[in-house]
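The residues making up each chain are set out below.
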Amino acid sequence: MDLDKYKAKIRKFANDRDWDQFHDPKNLSMALSAEIGELLDIFQWLTSEQSKNLSEQDLKLAKEELGDIMIYLIRLSDKLGIDLEEAVQEKLKSNADKYPVELSKGNATKYNKR
């Protein structure tokens, strides 16, 4: 995925509609949270097994919400000047350090609770 390409498309979309005035980090993070809430609504009250086998309608809704989440995430990173690819790489390294395979394999305990 070319994040810079999507960042430019999302920026243009917002600018064309004069929405940049509303897209500060506070508002974007709140919108991101709301979209995550909409994704959670799809899974609320499902069993673990049901969540793995969504209906076509729920799968379509999940896809739409994930698209919204990604758009807001890219937009927020753009406004904050954060390189998302770099952030992911750094976080994966940090997680590898916090959760070494020999201590974490098959174990859901958080690193600071061992």
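Residues numbered from 1 in each chain as written. Predicted model: local features only at pLDDT ≥ 70, side-chain atom pairs only at ≥ 80, totals over all residues. Heavy atoms only, no water.

Q: Is there a simple way to think about the overall build of the protein in this case?
A: When its secondary structure is counted, the protein shows six helices and zero strands. The secondary structure elements of the protein, listed N-terminal to C-terminal, are α-α-α-α-α-α. The C-alpha atoms of the protein give 18 Å as radius of gyration, which overshoots the globular expectation for 114 residues (13 Å, by more than 25%). Expressed along its principal axes, the backbone C-alpha trace of the protein runs to roughly 50 × 35 × 25 Å. Buried positions account for 20% of the 114 residues belonging to the protein. The long-range share in the protein, meaning contacts at least 24 apart out of those at least 6 apart in sequence, stands at 61%. Carbon and sulfur atoms provide 56% of the accessible area of the protein, an area that totals close to 8,800 Å². Between the mean site of the 19 positive side-chain charges and the mean site of the 22 negative ones, the protein shows a separation of 4 Å. (Helix = DSSP H or I, 4+ residues; strand = E, 2+ residues; numbered from the N terminus. Rg over C-alpha atoms; globule rule 2.2 N^0.38 Å. Buried < 20%, exposed > 50% of the residue type's maximum accessible area, 1.4 Å probe, protein only. Contact = heavy atoms within 4.5 Å. Areas by Shrake-Rupley, 256 points an atom, 1.4 Å probe, with all protein chains shown as cover. Lys, Arg positive; Asp, Glu negative; His and termini not counted. Charge placed at Lys NZ, Arg CZ, Asp CG, Glu CD.)

Q: Where do I start with helix α2 (residues 25-43) in this structure?
A: Helical periodicity: at 3.6 residues per turn, an α-helix aligns residues three or four positions apart in one direction. Across its 19 residues, α2 extends 27 Å between first and last C-alpha, which sits within 8% of the 27 Å expected from 1.5 Å per residue. Of all the positions in α2, only Leu28, Ala31, Leu32, Glu35, Leu39 and Ile42 are classed as buried. Projected down its long axis, α2 shows its buried positions confined to an angular sector of 105°, all on one face. Among the exposed residues of α2, those oriented more than 90 degrees off its buried face are Met30, Leu40 and Asp41. Residues of α2 that are buried in the fold lie against α4 (56-80). N-cap assignment for α2: the residue whose side-chain oxygen lies 3.0 Å from the backbone N of Lys26 is Asp24. Trp45 lies just past α2 and shows a positive phi near 75°. (Expected span 1.5 Å × (residues − 1). Arc of directions from axis to C-beta. Polar contact = N/O pair within 3.5 Å; in protein donor to acceptor, adjacent residues only side chain to side chain.)

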